[in-house]
Amino acid sequence: MAERSYKLESAAALDSALHNVSDNREFLSAVVGVLSKSNLLQWRAYWSMSPRGDGDLDEIAAAIRKLAEAAKGPANGHAQALSDFVETWMAAVPKGQRDHARQIGEFLLMHLSPDEGIYIRHSVREDLWREGYGTSFPGSSSLADIYSKELQFMRDVRRAFGERGLAPRDMIDVQSALWIIHNFKADENSKPASALLSRDVVEGAMDAYDLYRKSQHHSEIFDSFGEPRDYWVRSTRDRQNRVYPSKPIIGFILDKTVLNGGWGQKGDAAARLHNSGFIIVDQDDRPLAPPDQYDHLLRGRARAQLCAANYYIEPAKESGAAEVSIRAGDLKTVLGLGERTPTICAALEDEHLQRLTNVRAPSRSNPEDSRNTIFTFQLPADEEHHAMNHEALVPLPSATNLILYGPPGTGKTYATAWEAVRLCLGETAAEPLRNDRDALMNEYRRLAGEGRIEFVTFHQSMSYEEFVEGLRPDTGEDSDLEITESSTGFRLKPHDGVFKRISERARLDAGQGDTPGRLDRSARVFKVALGRRHTQEDRVRFGLENSLIHVGWGGDIDWSDERYDELSEILTEWRARKEPEANGHNGNVVITWSLRSDMQVGDYVVVSDGRDRIRAFGRVTGEYFYEADASFHPHRRRVEWIWHDKAGIERSRIYPNPFRQHSVYKLDQSLVDWDELETLVPAINAPSTGQGARDHVLIIDEVNRANISKVFGELITLLEPDKRLGMTNEIRLTLPYSKKSFGVPANLHIIGTMNTADRSIALLDTALRRRFTFRELMPAPTVLAADIEGINLQKLLRTINERIEYLFDREHQIGHAYFTNCATRDDVEAVMRHKIIPLLAEYFYEDWSKVAAILGDTKQDNPRFLVREDLNAPEGMEIDSFAGARQRWRVKPERDGDGNGGFDFAEFEA
């Protein structure tokens, strides 16, 4: 809704200027002002028509005015008006770019005629056109023709939304919806492209490439890319060969052998490295400037900070230096950054860079914001550095990555239960349970109930979004009680998958006891304002000194009665006593309900200091109470303050969204950075994976049925035991949707099962095979009884499997688990009738002659399981018209009361 609001504000400003300003240059100035506030266009697109630009402003102003007037006219004239504007732009701007002019023109059309005018980025248009029509967007030399096709496409989309009950109000809504769909669509390429590649990960890939140069190690990946050609990446370390081809490096990281190498898409190799703070160069180590037309390429302050971290600060730390100095001009020139010097200076002294690299604020020397300004960072001493990372010094047990594979019915699922319990309890404690199935399964269920064991079954549609994290529609906890006008719709919100959930549980596990001061991450967090910034400092101090939170909304009514647990009762009372016309969005109603009813004992509160700072953090310890004699804010609750500081901290450390002005409201818990929040707790000293943390197990059944690359994405490398948190080669990645740092803890074990009859092990993803140990489970006839009412089950299973292996292969044998619960002859017959025979029919694609061969019924002198009958030709069909006799196979009927029917197990007598 916020995005739509500012677009409507832009539209109103443009419309007002169009009707109230007669001078073309004044109207041009208004347009530039609106464009500078929008996030749809980069400044490079409209710089030429700004006051300091290089375009002919009189020509551009007249063209802008003409296009704006056409935008208010009939929609069938928009396409030609846009084409005319672009031609004027190309003549009025030295080295003008048509796409910049098109973007400006479409921006005006959409904002001045929101019901018919459209704006759509070409990358979005191309992707969605291909998805909708299965072809590339039809090209044309005529911009008017292209715009007409785009307009028809947007109209079709709008109509499709309407037919499904999601009617957009105008083309602004359509543009916003398509941008969200494109930006977050669940395809394999979008996830890793959004993820930040750490310096260690990239340098590790370069180490692997060096090894490949010497010994051809990893040739299965590197050979596939052929001879390096266009795009190279500069190493951050001193190496004999400091430049590396971008495609093989990214291919190794992602376990891909097919990859684009350039900038065009955010998933391409050069784009991924660029957006992670690495310098893209040619083969001679000369920096390559990223193309202006690609909006997905990182620029500005964030890009400069990543480059400074990768090429200056982190290498200095590795060398043991006490400090590192960065000259602004060096960062700009040596690294080939296109950002302006003031931007680079601002990036180097920004607090985000300090958090990113774990260093203190730098000192400055030489002129302010010039190329010669030098920023000097003091680096942590060795002992300080180790103290902050002491968990890495404590040896942790190696994680287990195991896949149990074999034919169906060989006990793989039960074996995973034993392995999971053994890993959680330890070998000694689990040993008494090995041969006691009931006791083992009871312990398994207990551990699963504690959250230490998770079970998931892979399937063909399994995705990264289900397994790791994805986006789901949500109305949002952060906006569920708006005081302003209500609105409909939803937003996409990060949602944790099973792998991320159990990884975080394992990482945060406190062992047998609680870690002192550790926060309860299941509790909610509320933002509370105790008073206005600066002008009501006494009220803020009163709350902090007396362990209280207090609000003035709610009038002089005591809301303690239990009937006010319900929002509707608060509204009814407020209407009866104060405002008869009040609605459910009245601040006195919703803020009272948030403080009095929604907030619970045990929840947390952060005290805001304006929109972007936090003054205090605490835990709610008491119920709502009304202080009738209070000189201000009589509605109160008791709080135990965990931390408070008059100077405060940046809100962005804890929560990405600016605080709203509401005195009390619940934050979106999925956005709260709990790790950062715990740094405010004085008593806590919890490492990433606590010493004494208990083992956790994730069981993945049918692991070979999913597309492993699609499910694990960029996290496949993190599964390796030495890449786990706290290990020697620890790796963390930034997740694509939540943007949070993530690593796999060493106390999380992964056990998978694979049915070889379903899919050959040879087809399993190579990346998974390299990171897992495989253990085969084959049929074990000896675990079965030798005599079940005259049937030798061992002989029965062994004979069937010998015949299957001869006619088919060993991976399709029958497992012993099918028969383990058989106690009578009828049990054996039921298993053969309802499980084994249908399975054999599936194996041999209903070729019953082969099923009969497996069961020993080919001769048919004395049918045992199957009966073969000759079919006579129906009347009117000549026998000669068919080659050979026709036959029918059927399973023998069940035994009746007279003893007729049933299976003959004579071949397998005990």
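Relevant structure appears above.
What you see is a predicted model, and the numbers here were worked out from it, not measured in a lab.

A. Structural view of the overall build of the chain. Secondary structure summary: the chain contains 33 helices and 24 strands in total. The contacts in the chain between residues at least 6 apart in sequence include a share of 67% that link residues at least 24 apart. Of the roughly 42,600 Å² that the chain leaves accessible, carbon and sulfur atoms contribute 47%.

B. Highlighting the sheet that holds strand β5 (residues 363–365). Taken in spatial order, the three strands of this open sheet run β4-β6-β5, and their pairing is antiparallel. Strand pairing shows two members of the sheet lacking a second neighbour, β4 (323–327) and β5, which therefore form its edges. The sheet shows a mean angle of 25° between the axes of neighbouring strands, direction not considered. Bridge count for β5 against strand β6 (residues 374–378) is three bridges, and the pairing is antiparallel. Residue pairing for β6: Ser 365 is matched across the bridge by Ile 374. Here helix α15 (residues 300–319) sits on the sheet in contact with β4 and β6, set at roughly 155° to β4.

C. Fine view of the nonpolar core. Counting residues in each nonpolar core, the largest one holds 87 residues, and the members touching the most others are Phe 458, Phe 467, Phe 499 and Phe 712. Once residues lying within four places of it in the same chain are set aside, the contact partners of Phe 458 are Phe 467, Ile 700, Asp 701, Glu 702, Val 703, Arg 705, Ala 706, Ile 708, Val 711 and Phe 712. Counting residues in hydrophobic clusters, the runner-up holds 54 residues, among them Leu 18, Val 86, Leu 112 and Ile 120.

D. Up close: the sheet that holds strand β3 (residues 280–281). Spatial ordering of the open sheet is given by β2-β1-β3, a layout of three strands whose pairing is antiparallel. Each end of this open sheet is capped by a strand with a single partner; those strands are β2 (243–245) and β3. Note: strand β1 (residues 232–234) against β3, two bridges, orientation antiparallel. Following the sheet pairing, Val 233 is matched in β3 by Ile 280. Relative to the sheet, helix α13 (residues 246–254) contacts β1 and β2, its axis offset from that of β2 by approximately 70°.

E. Molecular detail of the side chain of Arg 615. As for its position among the elements, Arg 615 is in strand β14 (residues 613–620). Look at Arg 615 and you get buried, because its relative accessible area is 7%. In this structure, Arg 615 is in contact with Glu 537, Val 540, Leu 544, Val 607, Asp 609, Trp 643, His 644, Asp 645, Lys 646 and Gly 648, ignoring residues within four places of it in sequence.

F. A look at the packing of aromatic side chains. Tallied over the full model, the rule gives 22 aromatic pairs. With a centroid separation of 6.1 Å and 75° between ring planes, the pair formed by Phe 499 and Phe 712 is classed as edge-to-face. Placement of the pair is Phe 499 in helix α24 (residues 498–508) and Phe 712 in helix α29 (residues 708–712), with a sequence separation of 213 residues. Of the two residues, Phe 499 and Phe 712, neither departs from the other in class, the shared state being buried. Cluster of aromatic residues (ring-pair linked, three or more members): Phe 458, Phe 467, Phe 499, Phe 712 and Phe 742. Over the face of the ring belonging to Phe 27 we find Arg 65, whose NZ or CZ atom lies 5.1 Å from the ring centre. The side chain of Arg 437 reaches across the aromatic face of Tyr 414, ending 4.2 Å from its centre.

G. Inspection of the side chain of Ser 597 at higher detail. Mapped onto the elements of the fold, Ser 597 is located in helix α27 (residues 587–598). A distance of 3.4 Å separates polar atoms of two side chains, one belonging to Ser 597 and the other to Arg 596. In this structure, Ser 597 is in contact with Tyr 564, Asp 565, Ile 570 and Thr 592, ignoring residues within four places of it in sequence.

H. Layout of the pairing of strand β18 (residues 696–701). Among the six residues that make up β18, six are buried, leaving the element largely enclosed by the rest of the structure. The sheet contact formed by strand β8 (residues 453–457) and β18 spans five bridges and is parallel. Each residue of the ladder has a partner; that of Glu 454, found in β18, is Leu 698.

I. Region of the structure containing the pattern of salt bridges. Summed over all chains, the structure comprises 65 salt bridges. Of the charged contacts, one joins Asp 565 and Arg 596 as a salt bridge, the two residues approaching to 2.8 Å between their closest N and O atoms. You can see Asp 565 sitting in the loop between β12 (548–551) and α26 (567–577) and its partner Arg 596 sitting in helix α27, a full 31 residues away along the chain. With relative accessibility at 42%, the residue Asp 565 sits in the partly exposed group.

J. Representation of the packing of α26 against α27 within the structure. One way to put it is that α26 packs onto α27 with a least axis distance of 9 Å and a crossing angle of 135°. Between α26 and α27, the interaxial angle falls into the category oblique. Judged by the twist between their axes, the crossing of α26 over α27 is right-handed. Residues Leu 567, Ile 570, Leu 571 and Trp 574 of α26 form the contact with α27, whose own contacting residues are Asn 588, Val 589, Thr 592, Trp 593 and Ser 597.

K. Broad picture of the environment of Lys 710. Relative to the helices and strands, Lys 710 resides in helix α29. Sequence separation of Lys 710 and Glu 465 is 245 residues, and the distance between their C-alpha atoms is 9.4 Å.

L. A look at the packing of helix α31 (residues 793–807) against helix α32 (residues 825–843). In contact at an axis separation of 14 Å, α31 and α32 are set at 10° when each is read in the N-to-C sense. Relative to α32, the element α31 is oriented roughly parallel. Where α31 approaches α32, its residues Leu 793, Leu 796, Ile 800 and Ile 804 are matched on the opposing element by Val 828, Met 832 and Leu 840.

M. Spatial organisation of a nonpolar patch on the surface. A surface patch of nonpolar side chains, about 340 Å² in accessible area, is lined by Tyr 806, Leu 807 and Phe 808. Look at Leu 807 and you get partly exposed, because its relative accessible area is 35%.

N. Fine view of helix α20 (residues 412–425). The terminal C-alpha atoms of α20, which comprises 14 residues, lie 20 Å apart, in line with the 20 Å expected from a rise of 1.5 Å per residue. Counting buried residues along α20, 11 of its 14 residues qualify, which places the element largely inside the surrounding structure. Gly 426 occupies a position one or two residues after α20 and carries a positive phi of about 100°.

O. The arrangement of unusual backbone geometry in detail. The phi dihedral of Glu 702 falls on the positive side, at around 55°, and the residue is not glycine. Relative to the helices and strands, Glu 702 is located in the loop between β18 and α29. For Glu 846, which is not a glycine, the phi torsion comes out positive at approximately 65°. Within the secondary structure layout, Glu 846 lies in the loop between α32 and α33 (848–855).

P. Quick peek at α15. Its 20 residues give α15 an end-to-end C-alpha distance of 28 Å, which sits within 8% of 28 Å, the value for a rise of 1.5 Å per residue. At Ala 309, α15 shows its largest bend, some 40°. Phi for Gly 320, located one or two positions after α15, is positive at around 80°.

Q. Quick peek at the environment of Asp 496. Note on placement: Asp 496 falls in strand β10 (residues 491–496). Along the chain, Asp 496 and Arg 472 lie 24 residues apart, while their C-alpha atoms are 9.9 Å from each other. Beyond its immediate chain neighbours, meaning those up to four positions away, Asp 496 contacts Val 468, Glu 469 and Arg 501. Within the structure, the side chain of Asp 496 is placed 3.0 Å from the side chain of Lys 500, a separation counted as a polar contact.

Parameters and conventions
Residues numbered from 1 in each chain as written. Predicted model: local features only at pLDDT ≥ 70, side-chain atom pairs only at ≥ 80, totals over all residues. Heavy atoms only, no water. Helix = DSSP H or I, 4+ residues; strand = E, 2+ residues; numbered from the N terminus. Contact = heavy atoms within 4.5 Å. Areas by Shrake-Rupley, 256 points an atom, 1.4 Å probe, with all protein chains shown as cover. Pairing = 2+ DSSP bridges. Axes fitted to C-alpha atoms, helices over the stretch in contact; angles between N-to-C directions. Core = buried A, V, L, I, M, F, W, Y, C linked by side-chain atoms within 4.5 Å. Buried < 20%, exposed > 50% of the residue type's maximum accessible area, 1.4 Å probe, protein only. Phe/Tyr/Trp six-rings, centres within 6.5 Å; stacked < 30°, edge-to-face > 60°. Lys NZ or Arg CZ within 6 Å of the ring centre and 35° of its normal. Polar contact = N/O pair within 3.5 Å; in protein donor to acceptor, adjacent residues only side chain to side chain. Salt bridge = Lys/Arg side-chain N within 4 Å of Asp/Glu carboxyl O. Parallel < 35°, antiparallel > 145°, perpendicular 65-115°, else oblique. Left-handed = near helix turned anticlockwise from the far one by under 90°. Patch = residues over 30% accessible without salt bridge, like charges linked within 9 Å, V, L, I, M, F, W, Y side chains within 5 Å. Expected span 1.5 Å × (residues − 1). Bend = angle between axes of the 7 residues up to and from the residue.

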